[in-house]
Structure formats: C-alpha cells, structure tokens
Amino acid sequence: NEKKELVRIIDLEITKSTLPLECMIMAGGRGKRLSPLTDTIPKPMLPLGEKPIIEHNIDRLISYGIKKFYISVKYLGEQIQDYFGDGSSKGVNIEYIWEEKPLGTAGALSLVENFETEKVLLMNSDLFTSVDFEDLYLDMVNNKADMAVASTEYKVDVPYAVFETDNDRVTAFKEKPSYVYHSNAGIYILNKELIKKIPRNEFYDITTLMETLVQEGGKLIHSPIIGFWIDIGKPVD
C-alpha cells in the first residue's frame, strides 16, 4: 500500500489471475430431472468426487482472483448457506439472494443493490468445466463487447444421406453428415449497465437480455471453451 506495507501475497501457482469481477452463481433451481437425488439435496450440493458441484465452481473462480460472490437460492437453499456461510473459510465474501418466486436465469441480478465492479460474471451452479475465465474476460475487453458468453461445441451426427434440393429436384447430397454448432454454456460476463434492463424481482432469462442486446445493436460475442464442459442435468451426466 502507500505506506509500503505488505498487504497481500499472491501465489501464482494457486492464483491464475486477479479478474476485476464480482460473480453471481445461480443455484435456486429444483433439479427435477435428477430426482430422487434432488428430493432432499439441492442440485448444486450433489457431490462430484470429494465436494459438491457448486464448490468446484467457486474454487475455480477463486483461483481467478474473484473475491465477492452472490449466490441466488430458493429450493433447499439453507443447505447451501449452511455449507459456505459468509465465505470467510475460503477467504472470500458470499451473500445470498433469496428468490421468493422463480426468477429465471437472470432475474436475481436485479435484487443486488449495487455491484462494485464494472463487469459482472454470471454462471449456472451445476456445471463441471475447465473454462478459462481470464480468456472469456479478455475476449470481452479486447472486442469491446457489452456481453461475452462462453460457448461449447454441440455436434449432431445425421445417420442418413441429406439432400440439398431446389424444389423437388435433388442438386446434391451428403452421406451421413456431421454438423457442429456453438451452444450456450451458461457462463456470461456482462457490463453492469445492462442489469438496469432487467425488471426488478420478475422472472427474466439471460437469453431475453441477450436478444434485447442484439436487437438494440449492442455487441454480444461468444468465446469457445477450450477444455471440458459438462452440464449436470440428467442422471447420465
């Protein structure tokens, strides 16, 4: 600091970056598709190896220097709050946003009085991923985007020949083609100003905000995840 006192030591083998972001993790869903596993345990708290799914994400975010977390909770949210407390055991600050009614994938952002960082990271709690949050952040900054969305490749294999046609006439065909699409991976960084567009305490999905941004001529980019990404949504996952 100004008095030349040492106030913090950063171990670069543990801390990958120090991103200027506050983070909201969405953890209020019911997780019906994972019943009966989620009948007594909220989906984010299901154990994945030695710790809950959500803890894998929080620990990874901490490794990128994020210190302030908001967790939106509803279904069995007390278990999440009891487990993490105020975050001091991990050296961070955690606040809980209680949803009195389902607020979709972005509505809880409207209940935070003031984010202190100019950009906010929003992500689903039920992901298992090696996403590089610094890459996502730098892509947004370097492209001067209003919002950056992490994307994952989704491959569709068609088991038949696919025709290219002109009315009834076949002009060409592809034998058992594969198509690759960039899909929403449930991780977003957005400019804080965009949160003003979200109606307070109303159901509102992040995809609605994305559509509004595009329609208004804003800049929305996607950044492919290099690594693994698993959506823990069904028992097979």
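This text gives an overview of the structure that appears in the document.

So, how was this worked out
Residues numbered from 1 in each chain as written. Predicted model: local features only at pLDDT ≥ 70, side-chain atom pairs only at ≥ 80, totals over all residues. Heavy atoms only, no water. Pairing = 2+ DSSP bridges. Helix = DSSP H or I, 4+ residues; strand = E, 2+ residues; numbered from the N terminus. Axes fitted to C-alpha atoms, helices over the stretch in contact; angles between N-to-C directions. Contact = heavy atoms within 4.5 Å. Phe/Tyr/Trp six-rings, centres within 6.5 Å; stacked < 30°, edge-to-face > 60°. Buried < 20%, exposed > 50% of the residue type's maximum accessible area, 1.4 Å probe, protein only.

## What about the sheet that holds strand β6 (residues 119-124)?
If you trace the seven strands from one edge of the open sheet to the other, you get β5-β4-β1-β6-β11-β8-β12, paired in mixed fashion. Each end of this open sheet is capped by a strand with a single partner; those strands are β5 (93-98) and β12 (220-224). Averaged over all adjacent pairs, the angle separating strand axes in this sheet is 30 degrees, with direction ignored. Where β6 lies against strand β11 (residues 178-191), five bridges are found, and the strand directions are antiparallel. Looking at the pairing, K119 lines up with N191 of β11. Sheet strands in contact with helix α2 (residues 77-84) are β4 (68-73) and β5, and its direction is about 170 degrees off that of β5.

## Observations regarding the packing of aromatic side chains
Enumeration according to the criterion identifies five aromatic pairs in this entry. For the pair Y83 and F84, a centre-to-centre distance of 4.8 Å together with 75 degrees between the ring planes defines the contact as edge-to-face. The class for F84 is buried, based on a relative accessible area of 5%. Note on F163 and F173: the rings are 6.3 Å apart at their centroids and 85 degrees apart in plane angle, and the pair reads as edge-to-face. With a gap of ten residues between them, F163 in strand β9 (residues 162-166) and F173 in strand β10 (residues 169-174) connect regions that are remote in the sequence. For the pair shown, F163 and F173 are each scored as exposed.

Geometric values such as these leave the question of function open.
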